[in-house]
Amino acid sequence: MEILLYLAAIIAAVAFAILVIYLVKVLKETRRTMSHVADTLEGLEKQMEGITVETTALLNKTNKLAEDINEKTTKLNTLVDGVKNIGDSVKDFTQSIRNVSQSVNRIADENKETTAEAIKWSTVVMELFKRNRNK
């Protein structure tokens, strides 16, 4: 029975040795994998630094562009207001001309007979003037 006990101990020792050898190989592979992961993370960190710098520059340019657009929009609004005021002035002027024209037409209609008589008398006076001049 003692032999079985020694045999079991030897089997356990061999199994433990095989397990240790296997674990050493696994740990070496894990160490190599972790080394690759560390290298990859370092490269990623460097790329992220570059992206951060580029993103900051892009944001600065975008902010400047937005400010420029706001300034130009304000100036354009001023121009549009000026054009609107000119349009209102032209509209008022046109309305004034229309009112004057209507007034002239109304007065002409009211004084049609008087105007016709004045034209007749002026024609007569002109004829008399011409006759006296020719003599």
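Structure: above.
Quick summary incoming for the structure in this document. Fair warning: this is a prediction, and the values are worked out from it, not measured in the lab.

What counts and how
- Residues numbered from 1 in each chain as written.
- Predicted model: local features only at pLDDT ≥ 70, side-chain atom pairs only at ≥ 80, totals over all residues.
- Heavy atoms only, no water.
- Helix = DSSP H or I, 4+ residues; strand = E, 2+ residues; numbered from the N terminus.
- Rg over C-alpha atoms; globule rule 2.2 N^0.38 Å.
- Buried < 20%, exposed > 50% of the residue type's maximum accessible area, 1.4 Å probe, protein only.
- Areas by Shrake-Rupley, 256 points an atom, 1.4 Å probe, with all protein chains shown as cover.
- Lys, Arg positive; Asp, Glu negative; His and termini not counted.
- Charge placed at Lys NZ, Arg CZ, Asp CG, Glu CD.
- Expected span 1.5 Å × (residues − 1).
- Salt bridge = Lys/Arg side-chain N within 4 Å of Asp/Glu carboxyl O.
- Patch = residues over 30% accessible without salt bridge, like charges linked within 9 Å, V, L, I, M, F, W, Y side chains within 5 Å.

A count of helices and strands for the chain gives 2 helices and 0 strands. Over its C-alpha atoms the chain spans a radius of gyration of 54 Å, topping by over 25% the 14 Å that the globule rule assigns to 135 residues. With the principal axes as the frame, the chain shows a C-alpha extent of 175 × 30 × 20 Å. Here the chain, with 135 residues, has 0% of them falling under the buried criterion. For the chain, the exposed area adds up to about 12900 Å²; of that, 65% sits on carbon and sulfur atoms. Averaged over its 19 positive side-chain charges, the chain has a centre that lies 13 Å from the centre of its 18 negative ones.

Next up on the list: helix α2 (residues 112–134). Here α2 contains 23 residues, and its C-alpha end-to-end distance of 33 Å stays within 8% of the 33 Å for a straight helix at 1.5 Å per residue. Burial within α2 is sparse, with just 0 of its 23 residues counted as buried.

Glancing now at the pattern of salt bridges. One pass over the structure, following the stated rule, counts 3 salt bridges. Taking the shortest distance from any N to any O, the salt bridge between lysine 72 and aspartate 68 comes out at 3.2 Å. With lysine 72 and aspartate 68 both in helix α1 (residues 2–110) and 4 residues apart, the pair spans about one turn of that helix. A residue is classified by how much of its surface remains accessible, and aspartate 68, at 30% relative accessible area, is partly exposed. Between lysine 84 and aspartate 88 there is a salt bridge, and its shortest N-O distance comes to 3.5 Å. Placement of the pair is lysine 84 and aspartate 88 together in helix α1, with a separation of 4 residues, close to one helical turn. Since its relative accessible area comes to 32%, aspartate 88 is described here as partly exposed.

Take a nonpolar patch on the surface next. Taken together, the side chains of Phe16, Leu19, Val20, Tyr22, Leu23, Val24 and Val26 define a hydrophobic patch exposed on the protein surface, amounting to about 630 Å² of accessible area. Here phenylalanine 16 is to be found in helix α1. The class for phenylalanine 16 is exposed, based on a relative accessible area of 56%.

On to the environment of alanine 17. Tracing the backbone through its elements, the reader meets alanine 17 in helix α1. The exposure class assigned to alanine 17 is partly exposed, which follows from its relative accessible area of 35%. Through-space distance from the C-alpha of alanine 17 to that of threonine 114 is 139 Å; in sequence the pair is 97 residues apart.

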